[in-house]
Amino acid sequence: MTKSHHHHHLLHFLFIITNFFDFSGADVGTATRYSPPYLPTACYSTDVSQFPANNQFASAGEGIWDNGASCGRQYLVRCISASVQGVCILGVTIAVTIVDRGVSSVSYPVVANTTMTLSAATFAMIADASASEINIEFQQ
């Protein structure tokens, strides 16, 4: 297979995966990551049973915190770009549940004032684990 032919197949594949989720009503924001200990203090005090079964969770930034109404909300999130090229894992969309508030979480976000702070394992599903900040598309 020629390189351009292979590239075309890859783009076609990504196109299918990407269009599986309809992001027409999506918002654009930024995300960073945080490391353990994970305690959902702002939403559920220290009740770790509130973490989603798939462990894909995040802390809300001030823009989506909504006076605590964001607790338990689920968002579809995907990485769209970063300051360094090749950081995003393209074509991957994840569902995350808000369990905390970024500014008051026990573990500090790597970068302050992002739209959401993803657990380290969740962040690694859509971007290079060593990256500090990514641009995301997200939808409730």
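Looking at an unreviewed UniProt entry, one finds the chain named Expansin-like EG45 domain-containing protein, with Papaver somniferum as its source organism.

Asks: Can you explain the confidence of the model for the chain? Please cite residues and give values.
Replies: Chain-level pLDDT for the chain is 88 on average; 84% of the residues reach the 70-or-more range. The model gives residues 2–19 a pLDDT under 50, and that stretch makes seven contacts with residues more than four places away or in other chains.

Asks: Could you give an account of unusual backbone geometry, with specific residues and numbers?
Replies: Residue Pro36 is joined to Pro37 through a cis peptide bond whose omega torsion reads 5°. As for its position among the elements, Pro37 is in the loop between strand 1 (27–34) and helix 2 (41–44). We note that Asn67 has phi near 50°; this positive angle belongs to a residue other than glycine. As for its placement among the helices and strands, Asn67 is situated in the loop between helix 3 (62–65) and strand 3 (74–81).

Asks: Would you mind going over the sheet that holds strand 5 (residues 116–119) in detail, with residue names and values included?
Replies: Strand order around the closed barrel formed by six strands is 1-5-2-4-3-6, with mixed pairing between neighbours. Each strand of the sheet is rotated relative to its neighbour by a mean of 50°, with strand direction disregarded. Direction of pairing for strand 3 relative to strand 4 (residues 94–101): antiparallel, over a ladder of four bridges. In the sheet register, Val77 faces strand 4, and the bridge partner there is Ile94.

Asks: Give me the lowdown on the state of the cysteines, citing residues and values where you can.
Replies: Considering all chains together, one arrives at two disulfides under this definition. Here Cys43 connects covalently by a disulfide to Cys71, the sulfurs 1.9 Å from one another. Between Cys43 and Cys71 the sulfur-sulfur dihedral comes to about -80°; the bridge is accordingly left-handed. Taken together, the residues Cys43 in helix 2 and Cys71 in the loop between helix 3 and strand 3 connect sequence positions 28 residues apart. Taking the relative accessible area as the measure of exposure, Cys43 reaches 18% and is therefore buried. The connectivity of the disulfide bonds within the chain can be written as 1-2, 3-4, using the sequence rank of each bonded cysteine.

Calculation criteria
- Note on numbering: residues in each chain are counted from 1, in written sequence order.
- Totals for whole chains, interfaces and linings use every residue, but because this is a predicted model, local features are given only for residues with pLDDT of at least 70 and side-chain atom pairs only at 80 or more, for both listing and counting.
- Hydrogens and waters are ignored; side-chain quantities use all the structure's heavy atoms.
- pLDDT is defined as a per-residue confidence score from the predictor, taking values between 0 and 100.
- Any pair of residues with heavy atoms lying within 4.5 Å of one another is described as a contacting pair.
- Counting from the N terminus, the helices are the DSSP runs of H or I reaching at least four residues and the strands are the DSSP runs of E reaching at least two.
- In this analysis, strands are considered paired if DSSP registers two or more bridges between them.
- Axis lines are fitted to C-alpha atoms, over the contacting stretch for helices. Their N-to-C directions set the angle, which ranges from 0 to 180 degrees.
- Any cysteine sulfur atom paired with another within 2.5 Å is treated as part of a disulfide.
- Three labels apply to residues, based on accessible area from a 1.4 Å probe with only protein chains included: buried if under 20% of the type maximum, exposed if over 50%, partly exposed otherwise in between.

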